Amino acid sequence: MSYRTLRQCVDDLAVTRQLARVETEVDADLEAAEIHRRVNQAGGPALLFTRVKGCQFPMVSNLFGTIERARYIFHDSLDRVRQLIEAKIDPHSLLAKPGRWLRAGRTAWTMRPRMVQMGPIFANQTTIDHLPQLKCWPRDGGAFITLPLVYTEDADRPGWRHSNLGMYRVQLSGGQYRPNEEVGLHYQIHRGIGVHHVAAARRGEPFRVNVFVGGAPAMYLAAVMPLPEGMSELSFAGALGGHRIPLADRAGSLPMYAEADFCISGTVEPGRTLPEGPFGDHLGYYSLTHEFPVLRVDGVYHRTGAIWPFTVVGRPPQEDTVFGQLIHELTGPLIPTVIPGVRAVHAVDAAGVHPLLLAIGSERYAPYAKTNRPQELLTQANAILGQGQLSLAKYLLIVNEADDPALDIHDVERFLIHLLARVDWRRDLHFQTCTTIDTLDYSGGSLNQGSKVVIAGVGPPRRKLPTTLPADLPWRGPFRNPRLILPGVMAIECPKYDLATESTSVRRLCEDFAANSAIGRFPLIVVVDDSNFVSQTIRNFLWVIFTRSNPATDIDGIGAFVDHKHWGCTGPLVIDARIKPHHAPALETDPAVSRKVDAFFAPGGELNGII
């Protein structure tokens, strides 16, 4: 069945034994999140918390905790969406199988929202302080909604067709917000809501916002799906959910999603901001306190029997990792139609998604010119960095499909080895400086500010990558504890970053080892705080290197030079991935809460044996 409500989904998961009920009272302040994290990391079931301390509403989490459960939730509709995508790629596919015309027609009908006069969402009203006050990490600045569906419309073109439904976090308490009257609205750079906010401000009109919580699971996936500009998330949700999304149209206000479990309706106060955050975010660090818009609350509504869904974000993998997998399964085939010549793109979850993109392109032109240097790949790289959320990437690594047709874009280790065997650091590094990066990424030192680098590798292997550390490395000065990460990749510990002396430390490494042939065999050297940690797993390596470095400031190299404003190096590339003073702190749990939660999983505990 395709679920029209969150309750239908929860009940079905319970019947199919994919959901566990937690009957013991649980505090939404840290405890629920700690339980969720443990069950999620173990690949466990969805969780229904029936008794939330000081709150009348039950909470549900980990709905999409495994890719198998996510596919199950959408099992009645994924094929319909795939058929739409297939038809976009190849319209003749409908002619080859005429029966698909009828199914496509029915799907197209569900993509148009259904306007209604009333709905379950209007059954009850409440206040912000009666909602679950979820806090996930000890330093969080207050309670947050972690699965909000934030609905706005374009003042220049009002109506659902040009609306935006996005997942932008909402701070319910803490900071300087007036209790029950204001909440914080955080949205990152390059988001559709920002376009709507600008349009309303330009016209001098109130910027109205509805925050939905709960409803059909299809709405959650639609809110995070990278849809083409101009396509409504409500249309996609209808196609995925197999039914027209019911919208209750209200005079003088925004439409309200009639089947939502909750709705916070409000208006953004013109020109007014307040400090929002901190908040433990998906890069594995806190996003710090910054000024963001304030939503003046006009009303809080909920259906009878409402359930509050939530998730927990933090260092990957988390539940949002599954969203990424599902999105790739649906949209991956579209990449070559959007960016000609590009075969595949992968935002690496272990590196925090936006910091690292891998791409497989193709050198299609001038087959007679065997230059073995990136040409069209660089054009394709620029096109990738011009696509929506892909534009937030810091590191874009791109290779040529013809050099290894069997290369899997999701095999990160093999991809890196393929690239490092071919890259020429003298020519294949292309920087963009003083540009925008992810709002949640603090490696650049300022909000939204940082740099990018494109690294392209083409042709046959130009070097054999060493697979062992040489025994005769002449360590000098502060550099110590070398570790092999991958073939051709060495991690070296360096003393803690010191702002007073930092301008010379990595440069000194490059100078000290410039003439060392043993070091020179490694195309990539990373400078870290803890080489043992970085070398334990490929996930540790990806997380540390790409979340703790800003290309323009943290890349150096042995034999570095500048030629006609192009930076390169004749020896190994060196990336400084130590923690810097301007970085946000990493996420850590509260020991007291962890000990309390231990009891849930201990012998005799309610969740004993679930993981």
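Here, every reference points to the structure presented above.
Residues numbered from 1 in each chain as written. Predicted model: local features only at pLDDT ≥ 70, side-chain atom pairs only at ≥ 80, totals over all residues. Heavy atoms only, no water.

Caption draft 1: Representation of the pattern of salt bridges. For the structure shown, the criterion picks out 33 salt bridges. With a closest N to O distance of 2.6 Å, Glu-376 and Arg-364 form a salt bridge. Placement of Glu-376 in helix α12 (residues 376-384) and of Arg-364 in the loop between β20 (356-361) and α12 is noted, with a sequence separation of twelve residues between them. Taking the relative accessible area as the measure of exposure, Glu-376 reaches 8% and is therefore buried. It is possible to trace a salt-bridge network through shared partners that takes in Arg-178, Glu-181, Glu-182, Glu-269 and Arg-272. (Salt bridge = Lys/Arg side-chain N within 4 Å of Asp/Glu carboxyl O. Helix = DSSP H or I, 4+ residues; strand = E, 2+ residues; numbered from the N terminus. Buried < 20%, exposed > 50% of the residue type's maximum accessible area, 1.4 Å probe, protein only.)

Caption draft 2: Broad picture of the environment of Lys-580. If you trace the backbone, Lys-580 turns up in the loop between β30 (573-576) and α19 (591-601). The spatial distance from the C-alpha of Lys-580 to the C-alpha of Val-39 is 33 Å, given a sequence separation of 541 residues.

Caption draft 3: Region of interest: the side chain of Ser-451. With respect to the helices and strands, Ser-451 occurs in strand β23 (residues 449-457). Within polar-contact distance, the side chain of Ser-451 engages the side chain of Asn-550 at 2.7 Å. Among the polar contacts listed, one links the side chain of Ser-451 to the backbone nitrogen of Ala-552, at a separation of 2.8 Å. (Polar contact = N/O pair within 3.5 Å; in protein donor to acceptor, adjacent residues only side chain to side chain.)

Caption draft 4: A look at the packing of helix α2 (residues 31-41) against α19. One can describe the packing of α2 onto α19 by two numbers: an axis separation of 10 Å at closest approach and a directional angle of 55°. Compared by their axis directions, α2 and α19 come out oblique. For the pair α2 and α19, the sense of crossing is right-handed. The segment α2 lies against α19, with Glu-31, Glu-34, Ile-35, Arg-38 and Val-39 engaging Val-593, Ser-594, Lys-596, Val-597, Asp-598, Phe-600 and Phe-601. (Axes fitted to C-alpha atoms, helices over the stretch in contact; angles between N-to-C directions. Parallel < 35°, antiparallel > 145°, perpendicular 65-115°, else oblique. Left-handed = near helix turned anticlockwise from the far one by under 90°. Contact = heavy atoms within 4.5 Å.)

Caption draft 5: Summary view of helix α8 (residues 217-224). Across the eight residues that make up α8, a large majority, seven, are buried. Pro-217, Ala-218, Met-219, Tyr-220, Leu-221, Ala-222 and Ala-223 are the residues of α8 that are buried.

Caption draft 6: The arrangement of the pairing of strand β2 (residues 46-49) in detail. Where burial is concerned, the two faces of β2 agree: the one with Ala-46 and Leu-48 and the one with Leu-47 and Phe-49 are both buried. Inspection of the sheet shows strand β1 (residues 19-22) paired to β2 by four bridges, in the parallel sense. Pairing of Ala-20 across the sheet is with Leu-47, part of β2. A crossover connection joins β1 to the parallel β2 through α2; in handedness this β-α-β unit is right-handed. (Pairing = 2+ DSSP bridges. Right-handed = clockwise from strand over helix to strand, strands pointing away.)

Caption draft 7: Expanded view of the packing of aromatic side chains. Taken as a whole and judged by the stated rule, the model has 17 aromatic pairs. Aromatic side chains Phe-49 and Phe-310 sit 6.0 Å apart centroid to centroid with 35° between the ring planes, which places their arrangement in the tilted category. Of the two residues, Phe-49 is situated in strand β2 and Phe-310 in strand β18 (residues 308-310); the sequence distance between them amounts to 261 residues. Of the two residues examined, Phe-49 and Phe-310, each falls in the buried class. Consider the rings of Phe-262 and Trp-308, whose centres lie 4.9 Å apart with planes at 70°: the pair is edge-to-face. (Phe/Tyr/Trp six-rings, centres within 6.5 Å; stacked < 30°, edge-to-face > 60°.)

Caption draft 8: Geometry of empty space enclosed by the protein. Evaluated as defined, the whole model comprises five cavities of 30 Å³ or more. In this structure, the largest cavity encloses a volume near 130 Å³. If you trace the largest cavity, you find it lined by Tyr-395, Leu-397, Leu-416, Leu-419, Leu-420, Trp-425, Ile-455, Leu-524, Phe-541, Phe-546, Leu-573 and Ile-575. No other element matches helix α13 (residues 412-422), which puts three residues into the lining of the largest cavity. Of the residues that constitute the lining of the largest cavity, the class distribution is twelve nonpolar, no polar and no charged. If you trace the second largest cavity, you find it lined by Leu-283, Tyr-285, Leu-440, Asp-441, Tyr-442, Ser-443, Thr-547, His-583 and Ala-584. Of the residues assigned to the lining of the second largest cavity, the class counts are five nonpolar, three polar and one charged. (1 Å grid on protein atoms, 1.4 Å probe; cavity = no way out; pocket = protein on both sides within 12 Å on 5 of 7 lines; lining within 4 Å. Points joined across faces, edges and corners; volume = space filled by probe spheres on them. Nonpolar A, V, L, I, M, F, W, Y, C, P; charged D, E, K, R; others polar.)

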